[in-house]
Amino acid sequence: LDPDFPKDAPSSFDGLASLDPTKVFALRAAGIQSAYDLAAMPIGEIAARVRIDPRLLGRAVDRAILIDAMGGAEATKAVDALGITSATELTAANPLPSDAGPAIQRVANRLKTDDRVTKVKAWLEAKQHDEQPPPVVKQHDERPPPVVQPPPAAEIGGSPGLSSAS
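Summarised in this report is the structure supplied together with it.

What counts and what doesn't
- Residues numbered from 1 in each chain as written.
- Predicted model: local features only at pLDDT ≥ 70, side-chain atom pairs only at ≥ 80, totals over all residues.
- Heavy atoms only, no water.
- Core = buried A, V, L, I, M, F, W, Y, C linked by side-chain atoms within 4.5 Å.
- Buried < 20%, exposed > 50% of the residue type's maximum accessible area, 1.4 Å probe, protein only.
- Helix = DSSP H or I, 4+ residues; strand = E, 2+ residues; numbered from the N terminus.
- Contact = heavy atoms within 4.5 Å.
- Salt bridge = Lys/Arg side-chain N within 4 Å of Asp/Glu carboxyl O.
- Phe/Tyr/Trp six-rings, centres within 6.5 Å; stacked < 30°, edge-to-face > 60°.
- Lys NZ or Arg CZ within 6 Å of the ring centre and 35° of its normal.
- Arc of directions from axis to C-beta.

**Some words on the nonpolar core**
Within soluble globular proteins, side chains that are nonpolar generally end up buried alongside one another.
Thought 1: Leu 19, Leu 27, Leu 38, Ile 46, Leu 90 and Leu 111 are the most contacted members of the largest nonpolar core, which totals 41 residues.
Thought 2: For this core, the element with the most residues is helix H4 (residues 54-70), which contributes ten residues.
Thought 3: Not counting residues within four places of it along the chain, the set of residues in contact with Ile 46 comprises Leu 27, Ile 32, Leu 38, Met 41, Leu 57 and Val 61.

If you want it as structure tokens, here you go:
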């Protein structure tokens, strides 16, 4: 991509499958170097720096918060196995599945009071309403409508005052 940026370390955005190389490049160009940076920065600030679909960005930040809280992408496999893929899902799971261990319970309790989760949840809810396509509004043509002139009398059937009977 760009020789000024180092090659991706395998763990920099590990666990964020929705971020393809182009999106990772955009994040790096904006100063966000890893999932941990993504989780730490306010989502509104990230959105102002990059041009990534707001819903996808919100889900990536939500997942990054979970990765951060669990201690890494590898540790999230335990919650992934429960069908939980984000911080907001973990906090919403009430009760947690019976096979969730005490470590997952502690992370869930901690995330329930984490301001980042509250903010990303609000962001995602707001962007959910943006899914509806805007109504199509016809652009008004500012040119005046063309004026239709009647054809000259000669084209209609001869010149006026002349009779066709001779």
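**Notes on the pattern of salt bridges**
Thought 1: Under the definition given, this model contains eight salt bridges.
Thought 2: The salt bridge partner of Arg 49 is Glu 45, with a shortest N-O separation of 2.9 Å. Residue Arg 49 and its partner Glu 45 are located together in helix H3 (residues 43-49), separated by four residues, close to a single helical turn.
Thought 3: A relative accessible area of 41% places Arg 49 in the partly exposed class.
Thought 4: For Glu 45, a relative accessible area of 36% puts it in the partly exposed group.
Thought 5: The salt bridge involving Arg 63 is made with Asp 80; its shortest N-O contact spans 2.7 Å. Taken together, the positions of Arg 63 in helix H4 and Asp 80 in helix H5 (residues 77-80) put the pair 17 residues apart, joining distant regions of the chain.
Thought 6: One connected set of salt bridges, linked through shared partners, spans Asp 68, Asp 114 and Arg 116.

**Observations concerning the environment of Ala 30**
Thought 1: Turning to its location among the elements, Ala 30 is positioned in the loop between helix H1 (21-29) and helix H2 (35-40).
Thought 2: Measuring from C-alpha to C-alpha, the distance between Ala 30 and Ile 46 comes to 8.0 Å, with 16 residues separating the pair along the chain.
Thought 3: Apart from the residues within four sequence positions on either side, Ala 30 is in contact with Arg 49 and Val 50.

**Digging into the packing of aromatic side chains**
Thought 1: In this structure the tally under the stated criterion is zero aromatic pairs.
Thought 2: The cationic tip of Lys 127 hangs over the ring face of Trp 123; the distance from NZ or CZ to the ring centre is 4.5 Å.

**What to know about H1**
Thought 1: Buried within H1 we find Val 24, Leu 27 and Arg 28. Each buried residue of H1 sits inside an arc of 100° when the element is viewed along its axis, so together they form one side.
Thought 2: In this structure, the buried residues of H1 make contact with H2 and H3.
Thought 3: Looking one or two places after H1, you find Gly 31, whose phi comes out positive at around 90°.

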